[in-house]
Amino acid sequence: MTADTDPKTPGGSAPTKLRQGAELPAPAGIHPMGQLDARYPVAYEASAPAALGVAVAWMAALARRDAAAMAAPLHFPFAIFEGTEPLVVESAAAFAETPPASLNVTGRGATEIAPGSYDLLDKLELLIFCPVAAGLSLSFTRYSKDGHKLCQCDGVYAVTNNDGRWGIELASTIYTPAAEIGQVYSDAVEANLRRGRDWMLGYTLRSQALLNSTRRPGRNANITIYGPRERAGAARAGNPMAGYVSQGVKSRLRVSEATQEGIDRADANFPEFARWAGGAVGEWDYTMNHPDARVLHASPNKAHTLSGYIRYTKDHVEISETRSLGVSVYRNNQWAPAGGLGNVMLHHDRSNSVGR
């Protein structure tokens, strides 16, 4: 998901390097017009284990109620959706002094963690990936000191490689009280699936108005890696790895205020899109929401979404398949996207199969 206005980029970066970031060479055999996809191990062989390791380290620190260890796997500035608005923590010092309430184990200030409670890790799932980032889902159950189930926490986490160091840069969590676990929020599911279908229809019908109708004013927080048009344009020019860089990157977090004016002046530039969307497969004609798109977790006012789409030629030949991870919120009596780890994962680009 992208911002509708010029983003405000908080300053700062994490101090410790775990490995040296570098420009990545194009994998052998990639088509001259192809984009990096999941057939090439460089798409996941560094990011997947690194992201899982960071998530486990963060969970272990939370389980131990160790405030210093909880800050260690984070990139700063760090943003979290505890509710429907992104909360930005600018530095490790700020995290130590006034941590978000849902992460406050210090024993002072506002906290949502009951004294003596403990957490059980339930699930950890890698959802999307690229060479410099990955998106995860992590769930745990919290119990009271005497062993009564208090709540379930379902979260999504964006793990990025900034200047050679892997860390969590954006998170969103949904806490569900024990008695409410299993509650289905059908409006969240249908609203978010409808929005995805409308976004794809906007491109298929070449309708800027339809695209604009899927957006709402409000504060957003996104991790920006390598946008789909930028990525495809570089690939069609023979440079598929141009945006997968880590060295010198201090922050990928973009916090912005989407305004109705900004939404109204958006321009998808459909002629340009049509020129490069088909790649080496053939002329692009339409796009459809991915059949695996779904709401991962939901509450009355927030949802975590796994989204994606497939592009097709006029005679229904698949061109490419893409996936992303998002946060949607219910503001002003309507569902709208608010952030996430956007369109970073091109799962399959058939341009790499043409003529092979």
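Criteria and thresholds
Residues numbered from 1 in each chain as written. Predicted model: local features only at pLDDT ≥ 70, side-chain atom pairs only at ≥ 80, totals over all residues. Heavy atoms only, no water. Phe/Tyr/Trp six-rings, centres within 6.5 Å; stacked < 30°, edge-to-face > 60°. Helix = DSSP H or I, 4+ residues; strand = E, 2+ residues; numbered from the N terminus. Buried < 20%, exposed > 50% of the residue type's maximum accessible area, 1.4 Å probe, protein only. Expected span 1.5 Å × (residues − 1). Contact = heavy atoms within 4.5 Å. Salt bridge = Lys/Arg side-chain N within 4 Å of Asp/Glu carboxyl O. Pairing = 2+ DSSP bridges. Axes fitted to C-alpha atoms, helices over the stretch in contact; angles between N-to-C directions. Lys, Arg positive; Asp, Glu negative; His and termini not counted.

J.: An account of the packing of aromatic side chains is needed here, citing residue identities and associated values.
T.: One pass over the full model with this rule turns up 13 aromatic pairs. Judged by centre distance (5.5 Å) and plane angle (50 degrees), the rings of Trp 58 and Tyr 157 are tilted. Placement of the pair is Trp 58 in helix H1 (residues 47-63) and Tyr 157 in strand S5 (residues 149-162), with a sequence separation of 99 residues. Accessibility classification places Trp 58 together with Tyr 157 in one group, the buried group. On the basis of an interplanar angle of 10 degrees and a centroid distance of 5.6 Å, the ring pair of Tyr 118 and Tyr 143 is categorised as stacked. Residue Tyr 118 is found in strand S3 (residues 118-130), and its partner Tyr 143 is found in strand S4 (residues 133-143); the two are separated by 25 residues along the sequence.

J.: Run through H1, naming residues and quoting values.
T.: Spanning 17 residues, H1 covers 24 Å between terminal C-alpha atoms, matching the ideal 24 Å at 1.5 Å per step. Taken together, the buried positions of H1 are Ser 47, Ala 48, Ala 50, Ala 51, Val 54, Ala 55, Trp 58, Met 59, Ala 61 and Leu 62. Against the buried residues of H1 lie helix H2 (67-71), strand S1 (74-81), S3, S4, S5 and strand S6 (165-177). Of the residues flanking the end of H1, it is Arg 65, one or two places downstream, whose phi is positive at about 55 degrees.

J.: Provide a residue-level description of the pattern of salt bridges, including the pertinent values.
T.: Evaluated as defined, the whole model comprises 10 salt bridges. For Asp 119, the salt bridge is made with Arg 65, and the minimal N-O distance between the two is 2.7 Å. With a gap of 54 residues between them, Asp 119 in strand S3 and Arg 65 in the loop between H1 and H2 connect regions that are remote in the sequence. Among the charged side chains, a salt-bridge network with shared partners connects Arg 65, Asp 119 and Arg 142.

J.: Go over the sheet that holds strand S2 (residues 86-89) with me, naming the residues and quoting the values.
T.: Read across the open sheet, the 6 strands follow the order S2-S1-S6-S5-S4-S3; overall the sheet is mixed. Each of the sheet's edge strands pairs with one partner strand only, and the pair in question is S2 and S3. Across the sheet, the mean angle from the axis of one strand to that of its neighbour is 20 degrees, orientation sign disregarded. Here 12 bridges tie S5 to S6, and the two strands are oriented antiparallel to one another. The residue bridging Thr 160 from the neighbouring strand is Gly 167, located in S6. Set on the sheet, H1 makes contact with S1, S3, S4, S5 and S6; between it and S4 the angle comes to about 25 degrees.

J.: I'd like a description of the side chain of Arg 231, backed by residues and values.
T.: Its place among the elements puts Arg 231 in helix H6 (residues 228-236). The side chain of Arg 231 sits in the buried core without any salt bridge; Asp 349 is the nearest counter-charge, 7.8 Å away. If we ignore the near neighbours within four places in the chain, the residues touching Arg 231 are Gln 35, Tyr 226, Tyr 244, Thr 322, Asn 343, Val 344, Met 345 and Leu 346.

Note that all results are geometric; they support no functional claim without further evidence.
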